[in-house]
Amino acid sequence: MGARTLLDGNWVIVSAALGLLGSCRYAYATMRGRVRPNRVTWFLWAAAPLIAFSAQLDAGVGTPAILTLASGTGPLIVVTASFASRHGTAKITAFDLFCGAVSVVALAVWLGLGAASWAVLFAVAADGAAAVPTIRKAWRDPSSENALFYVLVGIGATITLLTITTWEPASWLFAGYMLAISLLLTTIITAQRAAERTEERPAD
């Protein structure tokens, strides 16, 4: 008998849909020039979840893997929009390339190990390394990001965690990471925008 969960497993479909909705809105904002995605981050944000999804299938994780699949598909949509947009994207720096290289190394380690549990761990590490350029960009230029995207991803990750029946790392680790990174980026964007508004407000 499986462990009791707070939500039925089918809710994972809702969480995946929220993530895809957020990605589509981010892609639309990219096309309109309202946000400027970092291609290093978003390309690797597509690669790492798709590798994690493959690992979760091998581990027999089940429905929680749907969120991971959506987490890879959504960034692919954003990357495609970034190349189609006429408004440009965030400038890629040496720092971005370094973080990307760390991410690629983490993915390569998994390919050498081939173990499903390790795969998810290194996919999270790769995803986190890929996120660093966007975290840095959000801190320096919060107007180049879309907080709602990260809110939707965080809600989706929370729903997924509430549907998990087994707390093996392969089941919960990626969703837990997604919740953490979404909270971090949402906080940075909203706090930095508030700070900018305060600085722009004329003194009495």
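Visitor: Residue-level account of the packing of aromatic side chains, with values.
Guide: The final tally for this structure, using the stated rule, is seven aromatic pairs. On the numbers, 4.5 Å between centres and 40° between planes, the contact of Y26 with W42 is tilted. Residue Y26 is located in helix 1 (residues 11-32), and its partner W42 is located in helix 2 (residues 39-59); the two are separated by 16 residues in the primary sequence. Across the pair, exposure class does not vary: Y26 and W42 are buried alike. Joined through ring pairs, the aromatic side chains of Y26, W42, W45, F149 and Y150 make up one cluster. Above the face of the F83 ring, R39 is positioned so that its terminal group lies 3.9 Å from the ring centre. The side chain of R136 reaches across the aromatic face of F95, ending 4.3 Å from its centre.

Visitor: Tell me about the packing of helix 1 against helix 6 (residues 147-163), and please be specific about residues and values.
Guide: For the pair helix 1 and helix 6, the least separation of the axes is 8 Å and the interaxial angle reads 170°. One element, helix 1, and the other, helix 6, form an angle in the roughly antiparallel class. The crossing of helix 1 and helix 6 is left-handed. Counted together, W11, V12, V14, S15, L18, G19, L21, G22, S23, R25 and Y26 of helix 1 and L148, F149, Y150, L152, I155, G156, I159, T160 and T163 of helix 6 form the full contact between these two elements. Split by residue class, the contact of helix 1 with helix 6 holds 12 nonpolar, seven polar and one charged.

Visitor: Before we move on, can you summarise the environment of A123 with the specific residues and values?
Guide: One can find A123 in helix 5 (residues 116-140). For A123, a relative accessible area of 1% gives the class buried. Setting aside residues no more than four positions away along its own chain, A123 makes contact with A48, A52, L107 and F174.

Visitor: Can you tell me about the side chain of S15, naming the residues and giving the values?
Guide: As for its position among the elements, S15 is in helix 1. We classify S15 as buried; its relative accessible area is 0%. Ignoring sequence-local partners within four residues, the contact set of S15 consists of L67, G156, I159 and T160.

Conventions we followed
Residues numbered from 1 in each chain as written. Predicted model: local features only at pLDDT ≥ 70, side-chain atom pairs only at ≥ 80, totals over all residues. Heavy atoms only, no water. Phe/Tyr/Trp six-rings, centres within 6.5 Å; stacked < 30°, edge-to-face > 60°. Helix = DSSP H or I, 4+ residues; strand = E, 2+ residues; numbered from the N terminus. Buried < 20%, exposed > 50% of the residue type's maximum accessible area, 1.4 Å probe, protein only. Lys NZ or Arg CZ within 6 Å of the ring centre and 35° of its normal. Axes fitted to C-alpha atoms, helices over the stretch in contact; angles between N-to-C directions. Parallel < 35°, antiparallel > 145°, perpendicular 65-115°, else oblique. Left-handed = near helix turned anticlockwise from the far one by under 90°. Contact = heavy atoms within 4.5 Å. Nonpolar A, V, L, I, M, F, W, Y, C, P; charged D, E, K, R; others polar.

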